[in-house]
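One-letter residues, chain by chain:
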Amino acid sequence: MSAAGGAGPQAVLFDVDGTLVDTNYLHAVTWWEAFRQAGHAVPMPDIHRAVGMGGDRLIGHLLGDGRDRSRDEGISTAHKVLYAEYFPKLAALPGAADLLRAVDRAGRRSVLASSAGDEELTAMRAALDADDAIHAATSADDVDATKPAADLVEQALRRAETGADEAVFVGDTVWDMKACSRAGVVGVAVLSGGISREELLGAGAAAVYEGPADLLAKLGESPLFGRAV
């Protein structure tokens, strides 16, 4: 790998929910309520482990193929309405904006690759307040299939104008790691989304960090700066 700023990838692709912005448990609560309103008692730990998938996949993953699919849209809409109430309160994870700026200063292109829709991604970008360090972004609205499919990662590569072997993906869920693996991109994981180190390594993560601040502190020795993996 090589980059304008020295050894390392040309682009760093970032998941946003749970990776840069502290939202995973808000999603778990609002999906739980959306399911409850539709008459489904879905345990919150199960929902938490499904966060990171796009909503188009999450409902089927949790309710199964035998569900009444005609109610999927209503459940998804309820989640969006409930979650939107938190937009003004969203908070970036410690070190997230500084991490993006450090990657930018090093000559790497930072591209956001989120399973959220455009409206949710806009709210998270406002919470990050680091658009000056973001080269491009893509969301669930830009692809046919969300994580763990490779589509979002592949779209992010196109936005970064680079190949899979010249990029690293940073995420917080097993779905992130599976998606980047399917796209042929090295995956780096953070624990800030609440998923265990063992699960992330088992899903293919090349390295795992506590969160954005920990990754920032160890950036020079990380896969983002070309450390062999």
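Every value quoted in this text rests on a predicted model; they were computed, and no experiment measured them. (Residues numbered from 1 in each chain as written. Predicted model: local features only at pLDDT ≥ 70, side-chain atom pairs only at ≥ 80, totals over all residues. Heavy atoms only, no water.)

Undergrad: Account for the overall build of the protein, naming residues and giving values.
TA: When you go through the protein residue by residue, the secondary structure sums to ten helices and eight strands. Relative to the globule expectation of 17 Å for 229 residues, the C-alpha radius of gyration of the protein, 17 Å, shows essentially globular dimensions. Principal-axis analysis of the C-alpha atoms places the extent of the protein at approximately 55 × 35 × 30 Å. For the protein, the residues scored as buried account for 56% of the 229 residues in total. Across the protein, the fraction of contacts at a sequence separation of at least 24, relative to all contacts at a separation of at least 6, is 64%. Accessible surface for the protein amounts to roughly 9,600 Å². Of this, 48% is attributable to carbon and sulfur atoms. (Helix = DSSP H or I, 4+ residues; strand = E, 2+ residues; numbered from the N terminus. Rg over C-alpha atoms; globule rule 2.2 N^0.38 Å. Buried < 20%, exposed > 50% of the residue type's maximum accessible area, 1.4 Å probe, protein only. Contact = heavy atoms within 4.5 Å. Areas by Shrake-Rupley, 256 points an atom, 1.4 Å probe, with all protein chains shown as cover.)

Undergrad: Explain unusual backbone geometry to me, using residue names and the numbers behind them.
TA: At the junction of Lys147 and Pro148, the peptide bond is cis and its omega measures out at 15° in the coordinates. Positive phi is not limited to glycine here, since Glu161 has a value of about 60°. One can find Glu161 in the loop between helix H7 (151–160) and strand E6 (167–171).

Undergrad: Can you explain the pairing of strand E3 (residues 11–14)? Please cite residues and give values.
TA: Alternating residues of E3 divide into Ala11 and Leu13 and Val12 and Phe14, and every residue in both groups is buried. Relative to strand E4 (residues 109–113), E3 is paired through four bridges, and the arrangement is parallel. In the sheet register, Val12 faces E4, and the bridge partner there is Ser110. (Pairing = 2+ DSSP bridges.)

Undergrad: Let's hear about the pattern of salt bridges: which residues, and what values?
TA: Taken as a whole, this structure holds eleven salt bridges when the rule is applied. Residue Asp142 is joined to Arg159 by a salt bridge in which the shortest nitrogen-to-oxygen separation is 3.8 Å. Placement of the pair is Asp142 in the loop between strand E5 (136–138) and H7 and Arg159 in helix H7, with a sequence separation of 17 residues. Arg159 sits in the partly exposed class, given a relative accessible area of 30%. A single salt-bridge network, built from bridges that share partners, covers Asp15, Lys147 and Asp176. (Salt bridge = Lys/Arg side-chain N within 4 Å of Asp/Glu carboxyl O.)

Undergrad: Which residues make up the sheet that holds E6, and what values go with them?
TA: Taking strand neighbours across the sheet as the criterion, the six strands line up as E5-E4-E3-E6-E7-E8 in an open arrangement whose pairing is parallel. Looking at strand neighbours, the two that pair on one side only are E5 and strand E8 (207–209), the edges of this open sheet. Neighbouring strand axes in the sheet, compared pairwise and without regard to direction, differ in orientation by 25° on average. As paired strands, E3 and E6 are joined by four bridges and run parallel to one another. Along E6, the bridge assignment pairs Leu13 with Phe169. (Axes fitted to C-alpha atoms, helices over the stretch in contact; angles between N-to-C directions.)

Undergrad: Requested: an account of helix H4 (residues 72–84), with residues and values cited.
TA: Helix length check: H4, at 13 residues, gives a terminal C-alpha distance of 18 Å against a target of 18 Å (1.5 Å per residue), a fit within 8%. The set of residues buried in H4 consists of Asp72, Ile75, Ser76, Ala78, His79, Leu82 and Tyr83. All buried residues of H4 project into a common sector of 160° when viewed along the axis, lining one side. Turned more than 90 degrees away from the buried face of H4, the exposed residues are Glu73, Lys80 and Val81. Contact partners of the buried residues in H4: helix H1 (24–37), helix H3 (55–63) and helix H6 (118–128). (Expected span 1.5 Å × (residues − 1). Arc of directions from axis to C-beta.)

Undergrad: So what's going on with the side chain of Lys147? Residues and values would help.
TA: Take Lys147: it is sitting in the loop between E5 and H7. Engagement of the side chain of Lys147 in a polar contact is seen with the backbone oxygen of Ala113, the distance being 3.0 Å. (Polar contact = N/O pair within 3.5 Å; in protein donor to acceptor, adjacent residues only side chain to side chain.)

Undergrad: So what's going on with the nonpolar core? Which residues, and what values?
TA: Counting residues in each nonpolar core, the largest one holds 41 residues, and the members touching the most others are Leu13, Phe35, Val153, Phe169, Met177, Val185 and Leu200. Apart from residues no more than four positions distant in its own chain, Phe169 is found in contact with Leu13, Asp15, Ala113, Lys147, Val153, Asp176, Met177, Cys180, Val185, Val186, Gly187 and Val188. Core analysis: the second largest hydrophobic core is formed by 33 residues, Phe14, Val168, Ala207 and Leu215 among them. (Core = buried A, V, L, I, M, F, W, Y, C linked by side-chain atoms within 4.5 Å.)

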